[in-house]
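# Coordinate inspection notes
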Amino acid sequence: MKRIVGLTMVLAAALAFAQQGPLVVIQGAEPRTLSPDFAADTGGYGPTSNVYCHLVTMDWGVAAGTGAYGDLARSWEVNEDGTVYTFHLYEGVTWHDGMPVTAADVKFTFDTIIEKNYPYAAYLDGVVEVQAPDDYTVVLVLDQPNASLVPMMAQGSVWTGKIYPKHLWEDQDGFDSGPYVNDPVGCGPFEFVEWVRGSHVELKAYENYHRGAPAIPGLIFRAVTDANVARAEFDAGNIVFLPYDYAPPYAEAPLLERDPSIQVVHTPSHYSRDIQFNLRREPLNDIRVRQAIAYAIDREAISRLGFSGYWEPAYHANVNSQEPWINRNVSFPSFDAAKANQLLDEAGYPRGADGWRFSLSVTGPTYSDCRAIVEVLVQQLRAVGINAVWDQYDQATWFTNMQQGNFDISCYFTRYGPDPSAYDEHFSTGGPRNFMGYSNPELDQLAELGKRTTNEEERKRIYDRIQEILVEDLPYINLFNEEKMSLIRAGWQGFNIQETGYNKSMTWFGFYAVEPPSQ
Amino acid sequence: MRLPQYTLFRLLQLIPLVLVVIVINFVLIQLAPGDVAITLAGEDADPQYMEHIRRQYGLDSPVPVQLLRYLGQVIRGDLGASFRSREPVLHELMSRIPATLLLVVTSLIIAVFVGTWLGTLAARRPGSFFDIAANTVSIALYSVPLFWLGLMLILVFGVKLGWLPISGMRKIAGPREGIGYYLDVLKHMVLPVLTLSVAYMGQYVRLARSSVESVMNEDYITTVRAVGFPKRIIFMRYALRNALLPVVTVFGLQIGLALTGAVLTETVFTWPGLGRLVYEGILARDTPLIMGSYILMSVCVAIASLLTDLCYALLDPRVKL
């Protein structure tokens, strides 16, 4: 009798596993195309990150200190002066059509990216030559040392820089034309099945994946625009994973945490939430005004009101996940309304008859966390006599405004990792993400030096000094360590935002490590 | 004017109309902030690459030149290729029309028949409980925001009761053909169709009620009453036909707007129709797609209003074309 019961249980478990269909993943937009390397495509990152593979990559393990890990690359080394990077590839990796993946594919992909100036070219900073001396060795030759090359390649691989099969693409004029744009053949953990426009993209597990077949039979990516609908799908049990883009309000978090059928996952990142000043505008070009604003901000109150206390205030010019690089000796001012008022009076902006000192607008990206921050921040500025108003735009308009310097104060998301050279793009004169109009020659020099120096201690000194300068100059004010809240049904493990998925998810959009609840 | 001539004349009027639609909308899109090169290349893209994209899509020339180029293209019958997907715009639009038509036409037909029927019933018993209830409910339904109504229906029927699918047009792993497929689509249609038809319906209830009521007070009705016709005959043969004229007008206008009218419903229910395509196109600053959809919509509205006028002539012998 026992044996029959046992056998039945085993059979039932096997049956349940066999019935486990593909994992349905929802995302904000439909893909533009399924060719990831020629343009930005928020809807395409999910499908392509799982179909294609990368030379090196990273995932949310970056928040726990992993700057980069190999996907196709088994290992890599750099020569003494930091100008030649040699990558050794795994052998026996195959494309989904069965052909072997070799160094020639990597060379072909990177050569095309550099030649066409595709987005990933920015992450191959300084690479002047890509060599493939044998089938399993790729050599990147740089014109000058770049200590951040591998972490930055990993960072970029999250979105783009996926490796393309040379044998299928070499006759095409770039990665935006030909039969494989929307019929991708990759070497990642999932194979492309079909894309039903307006509905979904379906992938199935690639049994010959070089790290072993995924534990889930397939993936389905569906575009769901409305966060309420996404939540309804989760509540109805139609999806097991509610990504942070659809996160419920933080006020609900304590309640959700008591529900045993749900895992509330909080994932740290290497970004902050902060405010940037437009230093070209009066009165924000006055350091005393910026100091006053720094004193006027009560991070604890913002966290309490906007994030139910879940977001940890950040007072240093860095975030917790970049622990080795934080300069804890310098910090931004903490809340002191009296001091703020005093500084504003001294700066020559006394309260007028109507109670206001001056007016300004506060804006930000469409992220729900920035909205939560700005909503409270505006009130805190008004409390010290600054007539602040909240200007809201869609993401594209906001970004154009930032680029054109058409803002006063904006909520922003400064990046600090996977390599500290990130300061360069945000704070160097003319840096691609320096929207503030900030310029400090000493910082410019240090940022350049930091990228070119390979000695870790020397780099630590450089980035410590950069943080001192930032806290002194206040072109921006750090407010919070970014943290993402997602919901997953109980028992599921290995999602990219879970620790069990760190360093094996294959990008922020990868689902290779996902494992269903044990039967 | 004879019918064929009239129709031809009206169709010719379409040309200046579409021209005006193109010029105004093209300029409006250019005035809107946001840069398509950023949405295409990504926020971190190299400025050189952005320049390349602008050149590739002809965005580096002055707006009047771009407009003329676009007009030339449209005259040749080419709506261009979508910035986002690089697929021909006409193909993209056509592939989404069936889903939208299925949703909107079904909802409209339900709304017209049920709404008119309820409105007529209410008009025949003015001041009754039914009349007041129909009136109140229809005003309430007409005023409810579509997305809210949609979400409430989702919460009740999709989440709490679990009877109906929440979003999409079909079950992804479900049947692809045969009766199973149609039943699956039908099941997915229930909530969005209910949302849309309930919203449309309020209008028809009110319209039919007031129209029937005013016709019933006309002198000719009093005359046929005096002659002694039975109530049912008076109503069906003499009153209803006249009372339905305004309903036809509104229906005609709404059918014309059908392709556009479901953006919110399609977005809430993730329905793979035209409305959602346009919504995504607008967010991505996909000028060819947005322009193409505007042209399509204006042509549809014009043709629907032509058909309405023709129907009018059939229903009301006094109307001369």
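Residues numbered from 1 in each chain as written. Chains lettered and ligands numbered in written order. Predicted model: local features only at pLDDT ≥ 70, side-chain atom pairs only at ≥ 80, totals over all residues. Heavy atoms only, no water.

### Re the overall build of chain A
This is how it is decided: For the purposes of this entry, the term helix denotes a DSSP run of H or I that reaches at least four residues, the term strand denotes a run of E that reaches at least two, and both are numbered from the N terminus. C-alpha atoms define the radius of gyration, and 2.2 Å times the number of residues to the power 0.38 defines the globule rule. Working definition: with a 1.4 Å probe on protein chains only, accessible area under 20% of the residue-type maximum means buried, over 50% means exposed, and in between means partly exposed. Residue exposure ignores everything except the shown protein chains as possible cover, and the areas themselves are Shrake-Rupley values with a 1.4 Å probe.
Looking only at helices and strands, chain A features 15 helices and 16 strands. Relative to the globule expectation of 24 Å for 519 residues, the C-alpha radius of gyration of chain A, 25 Å, shows essentially globular dimensions. Projected onto its principal axes, the C-alpha coordinates of chain A cover approximately 85 × 60 × 40 Å. Residues counted as buried form 61% of the 519 residues belonging to chain A. Working note: accessible area of chain A is about 19400 Å², and carbon and sulfur atoms make up 50% of it.

### Some points on the state of the cysteines
Linking two cysteines covalently through their sulfur atoms gives a disulfide. All names here are of chain A. This is how the line gets drawn: Only a pair of cysteine sulfur atoms within 2.5 Å counts as a disulfide in this structure description.
In the structure shown here, the tally under the stated rule is two disulfides over all chains. Between the sulfur atoms of C53 and its disulfide mate C187 the distance is 1.7 Å. Residues C53 and C187 share a disulfide whose torsion about the S-S bond is about -105°; that sign makes it left-handed. Placement of the pair is C53 in the loop between α2 (45–51) and β2 (56–57) and C187 in the loop between α5 (166–169) and β8 (190–196), with a sequence separation of 134 residues.

### Section: a nonpolar patch on the surface
Residues and elements named next belong to chain B. Worth spelling out the cut-off: Patches here: salt-bridge-free residues with over 30% relative accessible area, like charges joined within 9 Å, nonpolar side chains (Val, Leu, Ile, Met, Phe, Trp, Tyr) joined within 5 Å. Put simply, a salt bridge is a Lys or Arg side-chain nitrogen that is within 4 Å of an Asp or Glu carboxyl oxygen.
Judged by side-chain polarity, F147, W148, M152, L155, V156, L161, W163 and L264 come together as a nonpolar surface patch covering roughly 770 Å² of accessible area. It is helix α7 (residues 146–160) that contributes the most residues to the nonpolar patch, five residues altogether. Its location among the elements puts L161 in the loop between α7 and α8 (178–216). By relative accessible area, which is 40% here, L161 ends up partly exposed.

### Re the sheet that holds strand β12 (residues 262–277) of chain A
The condition is simple: Between any two strands, at least two bridges found by DSSP are needed for them to pair.
Read from one edge of the open sheet, six strands run β11-β16-β12-β15-β13-β14 (chain A), paired in mixed fashion. Edge positions in the open sheet fall to β11 (241–242) and β14 (386–390) of chain A, since each of these has one partner strand only.

### Here's the deal with the confidence of the model for chain A
All names here are of chain A. This is how the line gets drawn: The quantity known as pLDDT measures the predictor's confidence residue by residue, on a range of 0 to 100. Any pair of residues with heavy atoms lying within 4.5 Å of one another is described as a contacting pair.
Predicted confidence across chain A gives a mean pLDDT of 93, with 96% of residues reaching 70 or more. Mean pLDDT in chain A bottoms out at helix α1 (residues 2–19), which sits at 44, and peaks at strand β15 (residues 409–412), which reaches 98. Note on residues 5–18: pLDDT under 50 across the span, and five contacts to partners over four residues away in sequence or across chains.

### Some details on the nonpolar core
The following threshold applies: Residues belong to one nonpolar core when they are buried, are Ala, Val, Leu, Ile, Met, Phe, Trp, Tyr or Cys, and are joined through side-chain atoms within 4.5 Å.
Grouped together as the largest cluster of nonpolar side chains are 93 residues, with contacts concentrated most on L23, F87, F110, L140, M153 and F495 of chain A. One finds V224, A317 and I462 of chain A together with L151 of chain B within the second-largest nonpolar core, a separate group that totals 85 residues.

### As for the sheet that holds strand β7 (residues 137–142) of chain A
All names here are of chain A. Note the threshold: Comment: axis = line fitted to C-alpha atoms, over the contacting stretch for helices; angle = value between 0 and 180 degrees taken between N-to-C directions.
One open sheet accounts for four strands, arranged β4-β5-β7-β6; its pairing is antiparallel. Both edges of this open sheet fall to β4 (73–78) and β6 (127–134), since each of them pairs with a single strand only. Taking each pair of neighbouring strands and ignoring which way they run, the sheet shows an average axis angle of 20°. Two strands pair when backbone bridges link them, and β4 and strand β5 (residues 84–89) are joined in this way by five bridges, in the antiparallel orientation. Looking at the pairing, W76 lines up with F87 of β5. Here helix α3 (residues 103–116) sits on the sheet in contact with β5, β6 and β7, set at roughly 165° to β6. Strands in contact with helix α4 (residues 149–157) are β4, β5, β6 and β7; relative to β5, the strand with the most contacts, it is inclined by about 55°.

### Describing the environment of F110 of chain A
Residue and element names in this part refer to chain A. Note on placement: F110 falls in helix α3. Each C-alpha atom, one on F110 and one on Y85, is 14 Å from the other, the two residues being 25 residues apart in sequence. Residues contacting F110, with those up to four places away along its chain left out, are L55, Y120, L124, V130, L140, M153, G161 and I163.

### Considerations on the confidence of the model for chain B
Residues and elements named next belong to chain B. The share of residues in chain B with pLDDT of 70 or more is 98%, and the mean pLDDT across the chain is 85. No element of chain B has a lower mean pLDDT than helix α2 (residues 36–41), at 78, and none a higher one than α7, at 91. We note a pTM of 0.87 for the whole complex and an ipTM of 0.82 for its interfaces.

### Quick notes on the interface of chain B and chain A
To be explicit about the condition: Throughout, buried area stands for the accessible area (probe radius 1.4 Å) lost by two parts on being put together, summed over both. We define a polar contact as two N or O atoms separated by no more than 3.5 Å, with the added condition that, inside protein, one atom must be a possible hydrogen donor and the other a possible acceptor, whereas residues neighbouring each other in sequence contribute only through side-chain atom pairs.
Counting from both sides, the interface comprises 39 residues of chain B and, opposite them, 43 residues of chain A. In total, about 3400 Å² of surface goes out of reach between chain B and chain A, with carbon and sulfur atoms giving 50% of it. Considering only the surface of chain B that becomes buried against chain A, E43, Y49 and I172 of chain B emerge as the three largest contributors, covering 19% of it. Applying the counting rule to chain B against chain A returns six salt bridges. In this structure, D176 of chain A engages R86 of chain B in a salt bridge whose closest nitrogen and oxygen atoms are separated by 2.7 Å. The interface formed by chain B and chain A contains 13 residue pairs in polar contact (both at pLDDT 80 or more).

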